Amino acid sequence: MPGRAKSEAQKQRTAVSDQEDALSYAIKLYQEDQEKPEEEQRSLRTICHAAEEESQRQKKHVKLSHTTLLRRLNGGRSCQQANEENNAWLTTEEEENVVKYCLELAARGFPLTHRHLKLHVDSILQGRHCKDFPMSGVGVNW
């Protein structure tokens, strides 16, 4: 939106997204390099520099670490992936179903209020988690 400064949170989300895109590109470059003969393969640092240059061409300023790339290649997760797996109440499939339900009701002319959406999500989670799920529901910032 023109005329408005981005919040610090929005800037951080953009930076993390750019970083993840660059890491994905670096992983792709590494996998392509592995198909070459060993003497033609590039080091992880060189691959990181190539990914940084590509992101700069796209007007994104990203700095990649070769150790982060190595960790990801060995099956490591990003902070976002770890938080999604460890802290999320809903599974990805349940999230998709909730979105479909919201869109379906909106198409019929009955858009959900925040309160009704929270009640719907609480009922899904109480059915799955039973005793583990708090009585107050998902909370304020869900």
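Basis of the calculations
Residues numbered from 1 in each chain as written. Predicted model: local features only at pLDDT ≥ 70, side-chain atom pairs only at ≥ 80, totals over all residues. Heavy atoms only, no water. Helix = DSSP H or I, 4+ residues; strand = E, 2+ residues; numbered from the N terminus. Rg over C-alpha atoms; globule rule 2.2 N^0.38 Å. Buried < 20%, exposed > 50% of the residue type's maximum accessible area, 1.4 Å probe, protein only. Areas by Shrake-Rupley, 256 points an atom, 1.4 Å probe, with all protein chains shown as cover. Lys, Arg positive; Asp, Glu negative; His and termini not counted. Charge placed at Lys NZ, Arg CZ, Asp CG, Glu CD. Core = buried A, V, L, I, M, F, W, Y, C linked by side-chain atoms within 4.5 Å. Contact = heavy atoms within 4.5 Å. Axes fitted to C-alpha atoms, helices over the stretch in contact; angles between N-to-C directions. Parallel < 35°, antiparallel > 145°, perpendicular 65-115°, else oblique. Left-handed = near helix turned anticlockwise from the far one by under 90°. Expected span 1.5 Å × (residues − 1). Arc of directions from axis to C-beta.

A. View of the overall build of the protein chain. Counting its secondary structure elements, the protein chain contains six helices and zero strands. Its C-alpha radius of gyration of 21 Å places the protein chain more than 25% over the 14 Å reference for a compact globule of 142 residues. Dimensions along the principal axes, computed over C-alpha positions, put the protein chain at roughly 60 × 45 × 30 Å. The buried share of the protein chain, taken over its 142 residues, is 23%. As presented, the protein chain carries roughly 10800 Å² of accessible surface, and 51% of it is formed by carbon and sulfur atoms. Of the side-chain charges in the protein chain, 21 are positive and 22 negative, and the distance between the mean point of each set is 8 Å.

B. The arrangement of the nonpolar core in detail. Counting twelve residues, the largest nonpolar core is built from A22, L23, A26, L29, L44, I47, C48, A50, A51, V62, L64 and L69. Among the elements of the structure, helix 1 (8-34) and helix 2 (44-57) are those that each provide at least two residues to this core. When residues of this core are assigned to their parent elements, the largest contribution, five residues, is made by helix 2. Not counting the four nearest positions on each side in its chain, I47 is found in contact with A26, L29, Y30, D33, R42 and L69. Among the nonpolar cores identified, the runner-up in size contains seven residues, and L90, L117, L125 and F133 belong to it.

C. Representation of the packing of helix 1 against helix 3 (residues 66-73) in the model. At a closest axis distance of 10 Å, the pairing of helix 1 and helix 3 adopts a crossing angle of 70°. If you check the angle between helix 1 and helix 3, you find them roughly perpendicular. Regarding helix 1 and helix 3, the two cross each other, and that crossing is right-handed. Contact residues: E20, L23, A26, I27 and Y30 in helix 1; T68, L69, R72 and L73 in helix 3.

D. Examining the environment of Q19 more closely. Here Q19 lies in helix 1. For the pair formed by Q19 and V62, sequence separation is 43 residues and the distance between their alpha carbons is 6.0 Å.

E. Spotlight on the side chain of D122. Turning to its location among the elements, D122 is positioned in helix 6 (residues 114-129). Residue classification places D122 among the buried residues on the basis of a relative accessible area of 8%.

F. Examining helix 6 more closely. Taking 1.5 Å as the rise per residue, helix 6 with 16 residues should run 22 Å; its terminal C-alpha atoms sit 22 Å apart, in good agreement. By the burial criterion, the buried members of helix 6 are L117, K118, V121, D122 and L125. Mapping the buried residues of helix 6 onto a view down its axis gives an arc of 135°, with all of them on the same face. Exposed and oriented more than 90 degrees from the buried face of helix 6 are R115 and G127. The inward-facing, buried residues of helix 6 abut helix 5 (92-107).

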